[in-house]
Amino acid sequence: MAAAAELSLLEKSLGLNKGNKYSAQGERQIPVLQTNNGPSLTGLTTIAAHLVKQANKEYLLGSTAEEKAIVQQWLEYRVTQVDGHSSKNDIHTLLKDLNSYLEDKVYLTGYNFTLADILLYYGLHRFIVDLTVQEKEKYLNVSRWFCHIQHYPGIRQHLSSVVFIKNRLYTNSH
Amino acid sequence: MRLFVSEGVPGCLPVLAAAGRARGRAEVLISTVGPEDCVVPFLTRPKVPVLQLDSGNYLFSTSAICRYFFLLSGWEQDDLTNQWLEWEATELQPALSAALYYLVVQGKKGEDVLGSVRRALTHIDHSLSRQNCPFLAGETESLADIVLWGALYPLLQDPAYLPEELSALHSWFQTLSTQEPCQRAAETVLKQQGVLALRPYLQKQPQPSPPEGRAVTNEPEEEELATLSEEEIAMAVTAWEKGLESLPPLRPQQNPVLPVAGERNVLITSALPYVNNVPHLGNIIGCVLSADVFARYSRLRQWNTLYLCGTDEYGTATETKALEEGLTPQEICDKYHIIHADIYRWFNISFDIFGRTTTPQQTKITQDIFQRLLKRGFVLQDTVEQLRCEHCARFLADRFVEGVCPFCGYEEARGDQCDKCGKLINAVELKKPQCKVCRSCPVVQSTQHLFLDLPKLEKRLEEWLGRTLPGSDWTPNARFITLSWLRDGLKPRCITRDLKWGTPVPLEGFEDKVFYVWFDATIGYLSITANYTDQWERWWKNPEQVDLYQFMAKDNVPFHSLVFPCSALGAEDNYTLVSHLIATEYLNYEDGKFSKSRGVGVFGDMAQDTGIPADIWRFYLLYIRPEGQDSAFSWMDLLLKNNSELLNNLGNFINRAGMFVSKFFGGYVPEMVLTPDDQRLLAHVTLELQHYHQLLEKVRIRDALRSILTISRHGNQYIQVNEPWKRIKGSEADRQRAGTVTGLAVNIAALLSVMLQPYMPTVSATIQAQLQLPPPACSILLTNFLCTLPAGHQIGTVSPLFQKLENDQIESLRQRFGGGQAKTSPKPAVVETVTTARPQQIQALMDEVTKQGNIVRELKAQKADKNEVAAEVVKLLDLKKQLAVAEGKPPEAPKGKKKK
């Protein structure tokens, strides 16, 4: 998914109706937003955080210092790790780590839904749709989290809904 | 919470530097672990630094840890910081890891290392200089600065990888690196091993993949194209379409130029050159040429501009010169004033007035200011011990005494200032003084003198500086010099001298004394204006309406920022004081100093004989203008810049644009139908033009010249991509496209001719004549790029603008002017004679150096007493110095000790 398309999805999920235009920069097609009252903003997570503030939903950036830092950490993770690596091996290490992290968590910050969940969901979507039933079961915590976010009101939009089987088929896989 | 760090892991630099921010808000325990330790339970790969929070959560991202510390200190997140941090993670880190890997693991050097990060470094430098803030996200140091500093430190702490031309990055990096938290972090992580401390860590990292897409070339780094919004493009197109009609009417030429209420009135002065010296290139770029660019720019902006300068004619040096040449001082001044005026005329300096200080007006105004100061109690009288040369039968002016500097021990300190440490000296304090004329030792005698009571005026001065400095365009060196003088406290300064050739002191008992140049040279600006117009006070007693810009080299700063303002404030006559003090650093010649006495360097009158046009000299001197740091004139570089920037870039573009109009369209500018690509180019040119304006408004003369060259590079690329010479032979649509490209290109050429006017006035006029640019468009530069050559406009005859400089031509000039290892020219020495040692002497010294070197080595090998070794080392260094002097080389700076 191109960054501009993703940001449009985010705008809709935040309830922003105006619809910004984005240009793309360089070979990595980094999104650029020209704001009316200031210099342009460059970068997916930078613009995303800006949109959240525009929509008056600052709570999506975290409420405490700790939450704020964690949200930004996962946003960085999204653009450096999820977007940066495309080899199968890397993705599996990434899913393994994430699965382990989400073991005791509902959302990335713990108990609160944030922008980190939204952008990680968008970023992982293309990998999760390709997972086999067995893999989905292997990364059980990721699957639970992913399934939860895709059902969060207004987030998924036109993206395909990924099917997760409630009953475990491969009980010995752990 | 617990912070896990590891030696030799680069990410630990910023987190340690930022950890202090959390002090008082939370307790941070620091644990040192191995770089391969897996601290975070859920991560497969080892990761350091890590912050374990009290909640049990982990922060494993360097930026997130720093961010957390800043958040704890009450800092609020903002878009700009987010943007820098995202850029750091996605762009800078990959580039830096590659560079560090090449450097430390693969042992590569130079461009092989720098190549992968240059673009990122340039990006930071441009951002800093564009937004004109000392820090990345504003006026104060913040999260973004710490994170980027930490990332860059391992590489940039080696000066070889901090390109000098990136001056904004340079000063940002230095500022941060000298702060205590940063210094301590660097100490902890790099353990004084520099970048090599990272070796174990880097060896574990995967080999970086080669940079994609971009082929490595030696061409100047392609300027990153800024991103443009639809609005910006639309605005640029609208402005372009309005064309000539948006130009305001030309201001009628005024004579004399006087300030006008409600307009911007710009008064520009260039430091007054000493009449009895022929100025060298360093003098020319330092003041007159720099001020000229700004004056010309100011006129292009239609600001009401007066640019003045003149020769500083009083003083001992003139008296001596007169004796030497058997003329009266006045005759000497008359003779040399003309030499000066001729040189500046040749360099095309656009003075409104080029006057002189030996006029009745000078006496009148100086004496008036003096009387006012006297009446208000700001003048002291005191007995002074002064050096008198019995042999020459006269008191010695400061510049005619030489001796050992009482502060730093430099052996050739002048009587007023030490060239080495820069401290001001009272001539009697010199150790081992010598009369510079006869070399005999002068005696001390007492005599009465007048002093300006600077301590009494200090408070007023500080108030005025407090009002003036913030937000003004004083160069950093001018601020620094002024503030350091204030910090040391001002002392009364003697303002009289035992001479005849000067402004008489209107006080009983002082009939045989005159004012010292310290006091009256800066008053020269006023008297020169008074000789130009009897309404001079409208410029000089009008601080509300006049913006005063003063240009000089840095050694002149105290006279303009302290002494004259103190006189003017003490005189209480509503004088116009300097609003913007623009000081340059020094220009060196090849690898040494300009030296008239040794005939090294190019002097104003000789530049004409080289056959190189004045505009080329102007261009090159401005291109290397010592802005922010010293720079050096180099013949080879002059050749290179002429052939690459002027001939191949600028000249090539302008010539091609014009030639296409002549050859393909019969000399008439063709119809232009702008495509979105053209509109984008239009907007890029507009953006660069605005950048040029921003820089020149801040008197960043050298940097603004780069904008011109950038636009011309865009233009060349545009022609290259669109190939109008092929399309002209194609279909109707192709021919139309060729027309648009040619039309747009020739309009860019027209714009360049105006932007170039402050720098290369003759070339600018030549281009404008070739293109038949309508008169108002030649003399006004707006902030938008206009279509000044509309379809149907007929241009004149186009011909090449620049000539190639050939290697042998430059080499013979280099020989002639004594470049490189000082070759003494046949030109006779003026005052002092420095004789280069004979070969035998040099050989003898070399032998001694070798001998002494062996003694030191032996002592060291025997592990002899430290003091004994040190004593022998001192002898060795002294011998080496003597040798260097004998060979005519500048002595080597002592190594090992870092300058603070």
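For the structure, check the block above.
All figures in this text were calculated on a predicted structure; none of them were measured in a lab.

Parameters at a glance
Residues numbered from 1 in each chain as written. Chains lettered and ligands numbered in written order. Predicted model: local features only at pLDDT ≥ 70, side-chain atom pairs only at ≥ 80, totals over all residues. Heavy atoms only, no water. Helix = DSSP H or I, 4+ residues; strand = E, 2+ residues; numbered from the N terminus. Buried < 20%, exposed > 50% of the residue type's maximum accessible area, 1.4 Å probe, protein only. Contact = heavy atoms within 4.5 Å. Areas by Shrake-Rupley, 256 points an atom, 1.4 Å probe, with all protein chains shown as cover. Pairing = 2+ DSSP bridges. Axes fitted to C-alpha atoms, helices over the stretch in contact; angles between N-to-C directions. 1 Å grid on protein atoms, 1.4 Å probe; cavity = no way out; pocket = protein on both sides within 12 Å on 5 of 7 lines; lining within 4 Å. Points joined across faces, edges and corners; volume = space filled by probe spheres on them. Nonpolar A, V, L, I, M, F, W, Y, C, P; charged D, E, K, R; others polar. Salt bridge = Lys/Arg side-chain N within 4 Å of Asp/Glu carboxyl O. Core = buried A, V, L, I, M, F, W, Y, C linked by side-chain atoms within 4.5 Å. Disulfide = S-S within 2.5 Å. Phe/Tyr/Trp six-rings, centres within 6.5 Å; stacked < 30°, edge-to-face > 60°. Polar contact = N/O pair within 3.5 Å; in protein donor to acceptor, adjacent residues only side chain to side chain. Parallel < 35°, antiparallel > 145°, perpendicular 65-115°, else oblique. Left-handed = near helix turned anticlockwise from the far one by under 90°.

Student: Please clarify how the overall build of chain B should be interpreted in this entry.
Tutor: When its secondary structure is counted, chain B shows 31 helices and 20 strands. Of all 900 residues assigned to chain B, the portion counted as buried reaches 55%. Considering only intrachain contacts with a sequence separation of at least 6, the fraction spanning at least 24 residues in chain B is 76%. As presented, chain B carries roughly 40,300 Å² of accessible surface, and 51% of it is formed by carbon and sulfur atoms.

Student: I'm lost on the overall build of chain A in this one. Help?
Tutor: For chain A, the count of helices and strands is 7 helices and 3 strands. Start at the N end of chain A and walk to the C end: the helices and strands fall as α-β-β-β-α-α-α-α-α-α. The proportion of buried residues among the 174 residues of chain A is 52%. A sequence separation of at least 24 residues applies to 65% of the contacts in chain A between residues at least 6 apart. Here chain A displays about 8,300 Å² of accessible surface, and carbon together with sulfur accounts for 50% of that area.

Student: I'm lost on the sheet that holds strand 1 (residues 2-5) of chain B in this one. Help?
Tutor: All names here are of chain B. Taken in spatial order, the 4 strands make up an open sheet running 2-1-3-4, and their pairing is mixed. If you trace the sheet from one side to the other, it starts and ends with strand 2 (29-32) and strand 4 (58-59), each paired once. One ladder, built from 2 bridges, connects strand 3 (residues 50-52) with strand 4; its direction is antiparallel. Its bridge partner lying in strand 4, glutamine 52 is registered against tyrosine 58. Against the sheet, helix 2 (residues 62-72) touches strand 1, strand 3 and strand 4, its axis set at about 50 degrees to strand 3.

Student: In this structure, what is going on with the layout of surface pockets? I would like to understand it.
Tutor: Over the atoms rolls a probe the size of a water molecule, and its path tells where empty space is left. Residue and element names in this part refer to chain B. Considering only enclosed or pocket space, the second largest pocket measures out at about 590 Å³ in volume. Taken together, 23 residues line the second largest pocket, and the ones lying closest to its centre are Arg251, Gln253, Arg299, Leu300 and Asp352. Of all the secondary structure elements, the ones that give two or more residues to the lining of the second largest pocket are helix 10 (281-300), strand 6 (304-311), helix 27 (761-771) and helix 28 (775-779). Per-element tally for the lining of the second largest pocket: the top contributor is helix 27, with 4 residues. The residue makeup of the lining of the second largest pocket, split by class, is 9 nonpolar, 10 polar and 4 charged.

Student: Please clarify how helix 1 (residues 12-19) of chain B should be interpreted in this entry.
Tutor: Every α-helix carries 3.6 residues per turn, so stepping three or four residues along brings you back to the same face. With 8 of 8 residues buried, helix 1 of chain B lies mostly within the body of the structure. Along its buried surface, helix 1 of chain B packs onto strand 1, strand 2, helix 2, helix 5 (143-156) and helix 7 (180-190) of chain B.

Student: I keep staring at the sheet that holds strand 18 (residues 580-584) of chain B and nothing clicks. Help me out?
Tutor: Sheets are built from strands paired through backbone hydrogen bonds, the pairs being either parallel or antiparallel. All names here are of chain B. With parallel pairing, 5 strands are arranged side by side in an open sheet as 7-6-5-17-18. In the strand order of this sheet, the two ends are held by strand 7 (353-356) and strand 18, each with one partner. Taken over all neighbouring pairs, the strand axes of this sheet differ in orientation by 20 degrees on average, direction set aside. When strand 5 (residues 265-270) meets strand 6, the two strands line up parallel, connected through 5 bridges. Its bridge partner lying in strand 6, asparagine 265 is registered against asparagine 304.

Student: What is the right way to read the pattern of salt bridges from this model?
Tutor: Pairing between side chains of opposite charge can happen when the charged atoms of each approach one another. All names here are of chain B. Enumeration over the complete set of coordinates arrives at 42 salt bridges over all chains. Here lysine 698 and aspartate 473 are joined by a salt bridge, their closest N and O atoms 3.1 Å apart. With a gap of 225 residues between them, lysine 698 in the loop between helix 23 (676-697) and helix 24 (701-722) and aspartate 473 in the loop between helix 14 (454-468) and helix 15 (476-488) connect regions that are remote in the sequence. Residue classification places lysine 698 among the partly exposed residues on the basis of a relative accessible area of 34%. Taking relative accessible area as the criterion, aspartate 473 reaches 12% and is therefore assigned buried. Here arginine 727 ties to aspartate 734 by a salt bridge, and the two come within 3.5 Å at their closest N and O atoms. Put simply, Arg372, Glu537, Lys541 and Asp573 are held in one network by salt bridges that share partners.

Student: I'm lost on the side chain of serine 6 of chain B in this one. Help?
Tutor: Residues and elements named next belong to chain B. As for its placement among the helices and strands, serine 6 is situated in the loop between strand 1 and helix 1. Judged by relative accessible area, which is 3%, serine 6 ranks as buried. With sequence-adjacent residues up to four places away left out, serine 6 is seen in contact with Cys12, Thr32, Val33, Gly34, Pro35 and Val48.

Student: Got a minute to help me understand the nonpolar core in this structure?
Tutor: One finds Phe633, Trp635, Tyr692 and Tyr759 of chain B to be the most contacted residues of the largest nonpolar core, which totals 175 residues. Broken down by element, this core gets its largest block of residues, 12 residues, from helix 10 of chain B.

Student: Help me understand the state of the cysteines in this model?
Tutor: As used in these notes, a disulfide is a covalent bond between sulfur atoms, one from each of two cysteines. Throughout the structure, instances matching the rule amount to 0 disulfides over all chains. The structure places no disulfide on cysteine 435 of chain B, whose sulfur is separated from the nearest cysteine sulfur, that of cysteine 438 of chain B, by 3.7 Å.

Student: Explain the packing of aromatic side chains here, please?
Tutor: Geometrically, a pair of aromatic rings is defined through the distance of the ring centres and the angle of the planes. Under the definition given, this model contains 43 aromatic pairs over all chains. Ring centres of tyrosine 620 of chain B and phenylalanine 633 of chain B lie 5.6 Å apart, and the angle between their planes is 75 degrees; this geometry places the pair in the edge-to-face category. Of the two residues, tyrosine 620 of chain B sits in helix 21 (residues 614-623) while phenylalanine 633 of chain B sits in strand 20 (residues 631-633), which places them 13 residues apart along the sequence. Each member of the pair tyrosine 620 of chain B and phenylalanine 633 of chain B is classed as buried. Look at phenylalanine 633 of chain B and tryptophan 635 of chain B: their rings are 5.1 Å apart centre to centre, the planes differ by 90 degrees, and that puts the pair in the edge-to-face class. The rings of Trp74, Tyr77 and Tyr101 of chain A together with Phe42, Tyr58 and Phe60 of chain B are connected pair by pair, giving a single aromatic cluster.

Student: Can you walk me through unusual backbone geometry in this structure?
Tutor: Leaving glycine aside, a negative phi is the common case for residues, and trans is the common case for peptide bonds. Residues and elements named next belong to chain B. Cis geometry marks the peptide bond from valine 48 to proline 49; its omega dihedral reads 0 degrees. Within the element layout of this structure, proline 49 appears in the loop between strand 2 and strand 3. The peptide bond linking asparagine 255 to proline 256 adopts the cis configuration, its omega dihedral lying at -5 degrees. Mapped onto the secondary structure, proline 256 falls in the loop between helix 9 (230-242) and strand 5. Even without being a glycine, glutamine 192 presents a positive backbone phi close to 60 degrees. Topologically, glutamine 192 is positioned in the loop between helix 7 and helix 8 (199-203). Given a relative accessible area of 69%, glutamine 192 falls into the exposed group. Its identity as a non-glycine residue notwithstanding, arginine 439 has a phi of 65 degrees, on the positive side. Arginine 439 sits in the partly exposed class, given a relative accessible area of 37%.

Student: I would appreciate a short explanation of the environment of tyrosine 161 of chain B in the present structure.
Tutor: Residues and elements named next belong to chain B. One can find tyrosine 161 in the loop between helix 5 and helix 6 (167-177). You can call tyrosine 161 buried: its relative accessible area is 5%. For the pair formed by tyrosine 161 and alanine 99, sequence separation is 62 residues and the distance between their alpha carbons is 10.0 Å. Contacts of tyrosine 161, omitting those with residues within four sequence positions, involve Leu103, Lys108, Lys109, Gly110, Val113, Leu114, Leu121, Leu155 and Leu156. Polar contacts involving the side chain of tyrosine 161 include one to the main-chain amide nitrogen of glycine 110, which spans 3.1 Å.

Student: Would you take a moment to explain the pairing of strand 10 (residues 401-404) of chain B for this structure?
Tutor: Sheet faces and side chains relate simply in a regular strand, where the side chains alternate between the two faces. Residues and elements named next belong to chain B. Sheet topology places strand 10 next to strand 12 (residues 431-435); 3 bridges connect them, and they run antiparallel. Each bridged residue has a counterpart across the sheet, and for valine 404 the counterpart in strand 12 is lysine 431. In this sheet, strand 11 (residues 413-414) lies alongside strand 10 in antiparallel orientation, the contact comprising 2 bridges. Residue pairing across strands places glycine 403 opposite alanine 413, the latter belonging to strand 11.

Student: Help me understand the packing of helix 13 (residues 360-375) of chain B against helix 19 (residues 557-571) of chain B in this model?
Tutor: Residue and element names in this part refer to chain B. Following both chains from N to C, one finds helix 13 and helix 19 inclined at 65 degrees, their axes separated by 8 Å at the closest point. In this view, helix 13 runs roughly perpendicular relative to helix 19, as classed from their interaxial angle. Remark: the crossing between helix 13 and helix 19 carries left-handed chirality. Contacts from Ile369, Arg372 and Leu373 in helix 13 reach Ser567, Gly570 and Ala571 in helix 19. Its residues assigned to classes, the contact of helix 13 with helix 19 shows 3 nonpolar, 2 polar and 1 charged.

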